[in-house]
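Structure assessment
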Amino acid sequence: MSMKIDHSQLSTYQQCPEKYCLSYEKQLTRADDQVNMPMLGGKAIHAGIASHAKKQSVPDAIKAVLGQPQAGERLYTLPNLIKAVREYADYMSLNFPGAEMLQTEKLHEMDLGDGITFEVKKDAVMRWNGGVYPVEIKTTARSAGLDQTFWKRWEYDEQVAAQIASCIKEYEECAGLILVGIRLAYRQRAYRGEPAGFHVEVSHQEYNRTSEQLVDWMVNVRGWVKKLAEDKRSATWGRHKSLCGWCDFDDLCKTCGDGEVMRTLYKQHDAYKYLKE
Ligand code: SF4
């Protein structure tokens, strides 16, 4: 068996094997897909942060991703996203003074054995205070702010183990993953201490994994990838119906893969583009 996979592909398979097949094997997406502003805004912030680290133009990098202004958009606008990148940069200088940036937005291929290559894209890796830290940036517009519920889900998230394992493979050390939350909010009026208009909140938490937890993660990944390879080989994909109500492929699955529905409502795209950006 020889297979290349990453966290997004594996978690899609874990959610629903059929969804993995439609997303990554058939590379389908909704033909009527609206511009997903939170996703686009998040990508633009990542591009701005990478440009800032390379001492290149932040506005140009954001503009290149954001494209033309969207009518009526108040949150994900060019000035707001430039402000978000500046606030992130100020926050990092204040909390990690003297940090040396070792890499940004780099894809690392990790050999997990059994013919499995696991791809990890790290937003950044920095050397700070004698240790090497991967940095993962999450953008959000959640109204509750960066509270405990925002951070708690990452305690168990497999992305944390993947980032730490990848850092150890690349640098032979890892002092922990720094997860930075950037929250964008727009308020008509001042509310609970937040000003009216656009507002950015930046905060971070550190996560770590023991060597036993990293081995456990690798064994788990290998098990899932073997299942996936078997589904591929037999061209038989299970369906997890509990998530259908939130899935873009519900129209297709409801009609048992009807060809006319597929041609009308779906189109093909490069499902692996995010790894090349
Ligand atoms: S609609 Fe349901 S069964 Fe079909 S791919 Fe989505 S989650 Fe899976």
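Going by the structure above, here's the rest.
Let me begin by describing the structure that accompanies this report. (Residues numbered from 1 in each chain as written. Predicted model: local features only at pLDDT ≥ 70, side-chain atom pairs only at ≥ 80, totals over all residues.)

1. A word on the site of the ligand
The local shell around the ligand holds 13 residues, among which C16, R239, C244, C247 and C253 are the closest. Elements represented by at least two residues in the shell around the ligand include exactly α2 (17-25) and α9 (250-254). Looking at the shell around the ligand residue by residue, the classes come out as 7 nonpolar, 1 polar and 5 charged. (Near = placed C-beta within 6 Å. Helix = DSSP H or I, 4+ residues; strand = E, 2+ residues; numbered from the N terminus. Nonpolar A, V, L, I, M, F, W, Y, C, P; charged D, E, K, R; others polar.)

2. Things to note about the packing of helix α1 (residues 7-15) against α2
For the pair α1 and α2, interaxial distance at closest approach is 5 Å and the crossing angle is 135°. Judged by the inter-axis angle, α1 sits oblique to α2. Side by side, α1 and α2 meet where Q9, T12, Y13 and Q15 of the first sit next to P17, K19, Y20, S23 and Y24 of the second. (Axes fitted to C-alpha atoms, helices over the stretch in contact; angles between N-to-C directions. Parallel < 35°, antiparallel > 145°, perpendicular 65-115°, else oblique. Contact = placed C-beta atoms within 7 Å.)

3. Overview of helix α7 (residues 158-171)
Taking 1.5 Å of rise per residue, 14 residues should cover 20 Å, and α7 covers 20 Å from first to last C-alpha, within 8% of that figure. Among all positions in α7, only V160, A161, A162, Q163, I164, A165, S166 and C167 are buried. Trailing α7 by a residue or two, E172 shows a phi angle of about 60°, which is positive. (Expected span 1.5 Å × (residues − 1). Buried ≥ 20, exposed ≤ 12 C-beta atoms within 10 Å, placed from the backbone.)

4. A closer look at the environment of K122
Relative to the elements of secondary structure, K122 occurs in strand β4 (residues 116-128). Considered as a pair, K122 and Q163 are 41 residues apart in the sequence and their alpha carbons are 6.9 Å apart. Setting aside anything within four residues of it in sequence, one finds K122 in contact with Q103, K106, H108, P134, Q163 and S166.

5. Topic: helix α8 (residues 211-234)
With 24 residues, α8 should reach 34 Å at 1.5 Å per residue; the first-to-last C-alpha distance of 35 Å fits that figure. Residues V221, V225 and L228 constitute the buried set of α8. Looking at the buried side of α8, the elements it contacts are β1 (3-6), α1 and β4. Phi for A235, located one or two positions after α8, is positive at around 55°.

6. Considerations on the environment of Q70
You can see Q70 is positioned in the loop between α4 (58-66) and α5 (78-95). Taking the number of C-beta atoms within 10 Å as the measure of exposure, Q70 has 13 and is therefore partly exposed. For the pair Q70 and A229, spaced 159 residues apart in the sequence, the C-alpha separation amounts to 42 Å. When sequence neighbours within four positions are dropped, the list of residues in contact with Q70 reads V35 and M37.

7. Examining unusual backbone geometry
Despite not being glycine, E105 shows a phi value in the positive range, around 45°. Within the secondary structure layout, E105 lies in strand β3 (residues 100-111). Not every positive phi belongs to a glycine, and N129 is a case in point at roughly 55°. Tracing the backbone through its elements, the reader meets N129 in the loop between β4 and β5 (131-140).

8. Let's talk about the pairing of β4
Bridge analysis of β1 against β4 gives 4 bridges, and the strand direction is parallel. The partner of K4 across the bridge, within β4, is T117. Bridge analysis of β3 against β4 gives 10 bridges, and the strand direction is antiparallel. Residue pairing in the sheet places L107 in a bridge with K121 of β4. The turn joining β3 and β4, which pair antiparallel and follow one another in sequence, is formed by 4 residues; a positive phi near 80° is taken by G113. As paired elements, β4 and β5 share 5 bridges and run antiparallel to each other. Counterpart to R127 in the pairing with β5 is V132. In this antiparallel pair of consecutive strands, β4 and β5, the connection spans 2 residues, and N129 shows a positive phi of 55°. (Pairing = 2+ DSSP bridges.)

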